[in-house]
Amino acid sequence: MKYLTLPVLLAFALLLAVFHLQMATPLELAAQWRAIGSDDLGMDSIVFKYAHLPRTVLAIFLGVAMALSGSLLQQLTQNPLASPMTLGASAGAWCAIVLGGLLLPATWHLPIEWLAMGGSLFALLLVVSLAGWRQLHGLGALLAGTAVNLLLGSVAGIAVMMNDQYSRSLLVWGAGDMAQNDWYWVGWVLPRLLPALLVLPMLCRPLQLIQLGSDAATAAGLNVARFAILTSLLALWLNGLAISAVGMIGFISLLAPALARLLGAAKPAQCLMYSAVLGVITLLAADTLAMYVSSLLPELLPSSAAAGLLGAPVLVWLCLRQKMPDRVGGALAAMKVRRRVPLPVYLFLGLALMVLCAVLGRDVQGAWTLEWPDAGLWALRWPRLLAASAAGVGLAMAGLVLQRLLNNPLASPDLLGISSGASLGMLLGMALGVSQPWLMTSAGAALVLMVLCWLAPRQSPARLVLLGVGLSSLLEAVLQFVLAQGSNDSFKLLNWLAGSTYHTNAGDALALAAWVALLGLLILPASRVLALLGLGESHARATGLNVRRARALLFLLAGLLSLAISSQFGPLAFIGLVLPQLAIQLGARKVSTQLLLASLLGATLLALADFASRTLFFPMQLPVGALGSLSCGMLLVLALLTTRRGAP
């Protein structure tokens, strides 16, 4: 590819900035110039000076900040798919800002950028714990980042739904739009951005050493651990500035460094400079698209949605061309297996807890009651309890099948994109006014499942997961458009995405339970096949197994489980990731035992989540999926802490 020089890119960025301004205002260039230096202004000049011009200037500043953040993380981890978005840092910053705005006392006056920094740092540390520092260059980092995004999204979703009046404005702001009404955010960003830019030249030589490998960099006298910490903090600071100013615009930090490499940037200094200019270009292009589409639609298209629509296909393309190992290590794979407890003991405990969930509740005054509910209350309680338990069984079994198929402890049903397909179907159903939204959710999930089954014999397992990640990113872009409206439909969608059982009836519960039972009975006899695939393709072929056919059929079974659950409850995140590993840690060694124990854990956990959803904040009801995802996330963190404590 012909190398583009930096001056050419700078000239193109300047032309795009001018075009960005001309799209937003009816003023001619001479009138625009007079408006900048004059205080005696007409209405068009006021709008230009205090809305359009700061929007363009802020896009330039934030394009630089986001692109440099992504470039630093990619060079540090040697992972071309690393960015604050894919490593969960952006979700951590957003979650911290939401929780800080809702929970912290107003007298604290904690700066928003420090909230964003703290949330980003927590998310990145969690990703490092999941994947392992030495695995940040591979597929494990991307999957761990996606899992952290799902976890922190559940936390933020619960907080938003519990404070919907305050959160309407929060949703609009957090959707990531560049619209401005004064110069405040330009003046806020600039003094916080300039010191970070002055530090960058000092990082170029250490980054050059990092490209040689950690051992070579250490031999050259570089303190790799200290440098990694400082560089990560700088990248998170730059990303936090952007999120604090305009909300979540995630793809710029991924796209700009990727384009810089395509244009020939190789050395750290070149990557940083090219990325900064390309960040300006990509953000200006996305915001220009957002303004143009918004002028044609009755609703606002946020800049983040436009960036996602441009960036998601590029992310899929980058994923498909990236060479990564299918087998991923990390902290999850290193979890200690505890002393084996007989399965009947777990079965007794699980059944006892589910019975307790059925009989324990609150009366109309909010007092706790422990008695068998009357007929009317029981008719409301048992369908949602049965549906939640069935969903837990299905997700746990699907997660274990996928982790065995992919030889990857970080694989789960929500990462394959089936849940994203169901969500996109739900969005389409809302847009078309379909009276039976489950038809559209089932159609969306079924479409993704058919594509996955067609690709399963033709692509490596890692590629299938990466395609699911790309589809999830596309969904996020579309969701930003819907949630940015801050309407009742936005909260209805948010509630569905969080996995509510509130409206589950007896027919839906029985149908889901029967479907999960049927597919489970088909998966259990395949335990030996899963065990063989877990040893590797060469060993499996040596036994006479048709690996391609077996993998495709097992993908189909796991996908059908995910389809049934996602079409009814939305994307229940993290459950299929954590529970199979928890079953192994509790002592299940055989695949058949792991399937049974993981299913029992799934049923018990979501039964408890359903119980908590109707009693914890009585009379308010919280979504089961969000509580279940949050519980699994806390279990995962606890398991990781136990693993670290027991490590030699």
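Residues numbered from 1 in each chain as written. Predicted model: local features only at pLDDT ≥ 70, side-chain atom pairs only at ≥ 80, totals over all residues. Heavy atoms only, no water.

Asker: What should I look at first to understand the overall build of the protein chain in this one?
Answerer: The helix and strand inventory of the protein chain stands at 27 helices and two strands. Expressed as a percentage of its 648 residues, the buried residues of the protein chain come to 58%. (Helix = DSSP H or I, 4+ residues; strand = E, 2+ residues; numbered from the N terminus. Buried < 20%, exposed > 50% of the residue type's maximum accessible area, 1.4 Å probe, protein only.)

Asker: Would you mind going over the pattern of salt bridges with me for this structure?
Answerer: Side chains that differ in charge, positive against negative, can pair when their charged atoms come close. Tallied over the full model, the rule gives two salt bridges. Across the salt bridge formed by R55 and D287, the nearest N and O atoms sit 2.6 Å from each other. With R55 in helix α3 (residues 43-77) and D287 in helix α13 (residues 268-296), this residue pair connects regions lying 232 residues apart in the sequence. Both residues of the pair, R55 and D287, belong to the buried class. For D610, the salt bridge identified is with R384, shortest N-O distance 2.7 Å. Taken together, the positions of D610 in helix α26 (residues 591-615) and R384 in helix α16 (residues 375-406) put the pair 226 residues apart, joining distant regions of the chain. (Salt bridge = Lys/Arg side-chain N within 4 Å of Asp/Glu carboxyl O.)

Asker: How should I be thinking about the nonpolar core in this particular structure?
Answerer: Generally speaking, a soluble globular protein has its nonpolar side chains buried in company with each other. Grouped together as the largest cluster of nonpolar side chains are 162 residues, with contacts concentrated most on L62 and L72. Counting residues per element, this core draws most heavily on α16, which supplies 15 residues. Split by domain, the residues of this core number at least three in each of domain 1 (6-319) and domain 2 (378-643). When neighbours within four sequence positions are excluded, L72 is seen to be in contact with L200, L203, L207, T231, L234, A235, L238 and L272. Core analysis: the next-biggest nonpolar cluster, separate from the first, contains six residues, L21, L27, A31 and F48 among them. (Core = buried A, V, L, I, M, F, W, Y, C linked by side-chain atoms within 4.5 Å. Domains from an automatic or database assignment. Contact = heavy atoms within 4.5 Å.)

Asker: When you look at the packing of aromatic side chains in this model, what are you seeing that I'm missing?
Answerer: Two measures describe an aromatic ring pair: the distance that separates the ring centres and the angle between the ring planes. Applying the stated criterion across every chain, the model contains five aromatic pairs. Taking the centre distance of 5.1 Å and the plane angle of 80° together, the rings of Y184 and W185 count as edge-to-face. When its relative accessible area of 48% is taken as the criterion, Y184 is described as partly exposed. The interplanar angle of 40° and the centroid separation of 4.7 Å between the aromatic rings of W372 and W378 together place this pair among those described as tilted. According to the relative accessible area criterion, W372 is exposed, its value standing at 55%. Overall, the relative accessible area of 25% leaves W378 in the partly exposed class. Put simply, the rings of Y184, W185 and W188 touch in pairs and so form one group of aromatic residues. (Phe/Tyr/Trp six-rings, centres within 6.5 Å; stacked < 30°, edge-to-face > 60°.)

Asker: Sorry, what's going on with the packing of helix α12 (residues 252-262) against α13 here?
Answerer: Packed helices, taken two at a time, are described by their axes: the angle between them and the distance between them. In the contact formed by α12 and α13, the axes pass within 8 Å of each other and the chain directions differ by 125°. Between α12 and α13, the angle is such that the two are oblique. Considering how the two elements wind past one another, α12 and α13 form a crossing that is right-handed. Across from I252, A256, P257, L259 and A260 in α12, the residues of α13 making contact are C271, Y274, S275, L278, G279, T282 and L283. (Axes fitted to C-alpha atoms, helices over the stretch in contact; angles between N-to-C directions. Parallel < 35°, antiparallel > 145°, perpendicular 65-115°, else oblique. Left-handed = near helix turned anticlockwise from the far one by under 90°.)

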